[in-house]
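Here is what each chain is made of, one letter per residue.
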Amino acid sequence: MKGIVRKTSRISRWLTVVNTDWLVNLNLLLTLVRRDLEARYKGSILGNLWPLLNQLSQLLIYTYVFSIILKVKLNLEGLPEDSKVTFGLWLFAGLIPWLAFTNGLTQASGCVIGQPNLVKKVVFPLSLLPLVPVFSTFIESTFGLIVLTGMICISSGVLHQTLWLLPIVFLPQLLLTAGLGYFTAGLTVFLRDIPQTLGVILNLWFYVTPIVYPASVIPENWRIWVFWCNPLTAIAEVYRDLVLVGEIKHWGELGIAAFMSVLIFYFGLWVYLKLRPAFADVL
């Protein structure tokens, strides 16, 4: 009986330590994200409005190229038919998760080599470093999501109740970005060509993801592979389902994307933790 009491006491103490460490790391992560957001536009007149302006500039450029020059038309239920505004809203809904993903991943890839002082501190939890740019860019993307929602209300007078389901697509998006962020951040310490290589890969990735063109134009034989092998395709389409259409039409694809995102997250974290003991020696 005494042995059981001792084991129970040890487990209780261990859980207390784990919970305390988790809360400390969470508070530290929130502090680092807040400081990162403040430092990005410190001293600028517009401050944190710059992320919103950057996303709007992307929207205007792509809308001009595809709607006015190439005269691409798109009809969506509940939105004005054959309107340039419709294509712009559809495009913006796909660009929001894509820009959050690429910006977070690009910044995460260089976060370790950019903070050598923190790496050499024994007490600093290095596993938080790649998460800071991932969460910072995600928070910035919410400004664009708010603007998109407002533009839909103005153009169609409709606010879909499915907006409350957005967290189900936020989670796989964050896991995918964080997993690849961990993977590239760890490798960049030893292979400094990773950020440049990543830029080339992301350019190719952008055009194999139906962001600026509808998935319906992809040949049917290839469409299933684009959806099931590219998690960002499902993520972008579900964003559009929730914000523009008002119902999810890609449940199966979202489930596969979530499963792949979890695997990528654990693999990226595993690689990062395996390489972490050698960071200080290289830097």
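Located above this text is the structure these notes cover.
Given the structure is predicted, the values throughout are model-derived calculations rather than measurements.

## Let's talk about the overall build of the protein chain
From N to C terminus, the protein chain includes 11 helices and 0 strands. Reading the protein chain from its N terminus to its C terminus gives the helix and strand order α-α-α-α-α-α-α-α-α-α-α. Out of the 283 residues in the protein chain, the part that is buried amounts to 45%. Considering only residue pairs separated by 6 or more positions, the protein chain has 77% of its internal contacts joining residues 24 or more positions apart. In the structure as shown, the protein chain presents an accessible area of about 15700 Å², 67% of it carried by carbon and sulfur atoms.

## Section: a nonpolar patch on the surface
Taken together, the side chains of Ile61, Tyr64, Val65, Ile68, Ile69 and Leu70 make up a nonpolar region of the molecular surface, amounting to roughly 550 Å² of accessible area. Residue placement: tyrosine 64 occurs in helix α2 (residues 50-69).

## Examining the layout of surface pockets
Unfilled space is identified by rolling a water-sized probe across the atoms. There is about 400 Å³ of room inside the largest pocket. Among the secondary structure elements, those contributing two or more residues to the lining of the largest pocket are α1 (2-40), α5 (131-156) and α6 (167-188). Here the residues of the lining of the largest pocket are counted per class, giving 12 nonpolar, 2 polar and 1 charged.

## A word on the packing of aromatic side chains
Scanning all chains against the criterion turns up 14 aromatic pairs. Considering the side-chain rings of tryptophan 98 and phenylalanine 101, the 5.9 Å spacing of their centres and the 50 degrees angle between planes classify their relative orientation as tilted. With tryptophan 98 and phenylalanine 101 both in helix α3 (residues 84-109) and 3 residues apart, this pair spans about one turn of that helix. Per residue, the accessibility class of tryptophan 98 equals that of phenylalanine 101, and both read buried. On the numbers, 6.2 Å between centres and 45 degrees between planes, the contact of phenylalanine 190 with phenylalanine 279 is tilted. Placement of phenylalanine 190 in the loop between α6 and α7 (194-207) and of phenylalanine 279 in helix α11 (residues 279-282) is noted, with a sequence separation of 89 residues between them. Taking the relative accessible area as the measure of exposure, phenylalanine 190 reaches 35% and is therefore partly exposed.

## Focus on the environment of leucine 95
Summarising the element assignment, leucine 95 is placed in helix α3. For the pair leucine 95 and glutamine 55, spaced 40 residues apart in sequence, the C-alpha to C-alpha distance is 8.1 Å. Filtering out sequence-adjacent residues up to four positions away, leucine 95 remains in contact with Gln58, Leu59, Tyr62, Phe206 and Ile211.

## Topic: helix α10 (residues 251-275)
Structural remark: α-helix, 3.6 residues per turn; residues separated by three or four positions point the same way. If you check α10, its first and last C-alpha atoms are 36 Å apart, about what 25 residues at 1.5 Å a residue would give, namely 36 Å. Listing the buried residues of α10 in full gives Glu253, Leu254, Ala257, Ser261, Phe265, Gly268, Leu269, Val271 and Tyr272. Lining the buried residues of α10 we find α6, α8 (220-229), α9 (231-245) and α11.

## Details of the nonpolar core
In this structure, Phe101, Leu148, Leu166 and Val169 are the most contacted members of the largest nonpolar core, which totals 44 residues. If you list the elements that add at least two residues to this core, you get α2, α3, α5, α6, α7 and α9. Not counting residues within four places of it along the chain, the set of residues in contact with leucine 148 comprises Leu89, Phe92, Ala93, Ile96 and Val243. The next biggest cluster of nonpolar side chains, apart from the first, holds 23 residues, and it includes Leu29, Leu131, Leu269 and Tyr272.

## A word on the side chain of serine 136
Its location among the elements puts serine 136 in helix α5. Take serine 136: its relative accessible area is 0%, and that puts it in the buried class. A polar atom in the side chain of serine 136 sits 2.8 Å from the side chain of aspartate 36. Sequence-distant contacts of serine 136, defined by excluding residues within four places in its chain, comprise Val33, Asp36, Leu37 and Arg40.

## Focus on the environment of arginine 223
Topologically, arginine 223 is positioned in helix α8. In contact with arginine 223, other than residues within four places in its own chain, are Ala215, Ser216 and Ile218. Within polar-contact distance, the side chain of arginine 223 engages the backbone oxygen of isoleucine 218 at 3.0 Å.

## Brief notes about the packing of α8 against α10
Relative placement of two packed helices is described by the angle separating their axes and the distance separating the axes. Between α8 and α10, whose axes approach to 8 Å, the crossing angle comes to 45 degrees. Considering the angle they form, α8 stands oblique to α10. Side by side, α8 and α10 meet where Phe227, Trp228 and Cys229 of the first sit next to Glu253, Ile256 and Met260 of the second. By residue class, the composition of the contact of α8 with α10 is 5 nonpolar, no polar and 1 charged.

Analysis parameters
Within each chain, residues carry numbers counting from 1 in the order of the written sequence. In keeping with the predicted nature of the model, local features appear solely for residues at pLDDT of at least 70, side-chain atom pairs appear and are counted solely at 80 or more, and the whole-chain, interface and lining totals rest on all residues. Hydrogens and water molecules were not included; the side-chain quantities draw on all heavy atoms of the structure. Elements are defined by DSSP. Helices are runs of H or I of four residues or more, strands are runs of E of two residues or more, and each kind is numbered from the N terminus. Relative accessibility thresholds used throughout: buried, under 20% of the residue-type maximum; exposed, over 50%; partly exposed, between the two (1.4 Å probe, protein chains only). By definition in these notes, contact holds between two residues if any of their heavy atoms fall within 4.5 Å. Accessibility throughout is a Shrake-Rupley quantity obtained with a 1.4 Å probe, and a residue counts as covered only by protein chains that appear here. Distance thresholds for patches are 9 Å for like charges and 5 Å for nonpolar side chains (Val, Leu, Ile, Met, Phe, Trp, Tyr), applied to residues having over 30% relative accessible area and no salt bridge. The term salt bridge refers to a side-chain nitrogen of Lys or Arg lying within 4 Å of a carboxyl oxygen of Asp or Glu. Only protein atoms enter the 1 Å grid used here. Points where a 1.4 Å probe fits but cannot escape make up a cavity, open sets with protein on both sides within 12 Å along at least five of seven lines make up a pocket, and a residue lines them when an atom lies within 4 Å of a point. Grid points are joined across faces, edges and corners, and a volume is the space filled by probe spheres set on the points. As a working rule, the residues Ala, Val, Leu, Ile, Met, Phe, Trp, Tyr, Cys and Pro are called nonpolar, Asp, Glu, Lys and Arg charged, and the rest polar, with Gly in that last group. Only rings of Phe, Tyr and Trp enter the pairing, Trp through its six-membered ring, and a pair is recorded when the two centres are within 6.5 Å. The plane angle decides the type: under 30 degrees is stacked, over 60 is edge-to-face, the rest tilted. In a helix, the anticipated span is given by 1.5 Å times the number of residues less one. In these notes, a set of buried Ala, Val, Leu, Ile, Met, Phe, Trp, Tyr and Cys residues joined through side-chain atoms within 4.5 Å is what counts as a nonpolar core. In the analysis that follows, any N or O atom pair within 3.5 Å is treated as a polar contact, provided that within protein one partner can donate a hydrogen and the other can accept it, and provided that, for residues neighboring in sequence, both atoms belong to side chains. Lines are fitted to the C-alpha atoms to define the axes, a helix being fitted only along its stretch in contact, and any angle between axes, read from their N-to-C directions, falls within 0 to 180 degrees. Reported orientations rely on four angle classes, namely roughly parallel under 35 degrees, roughly antiparallel over 145, roughly perpendicular from 65 to 115, and oblique for the rest.

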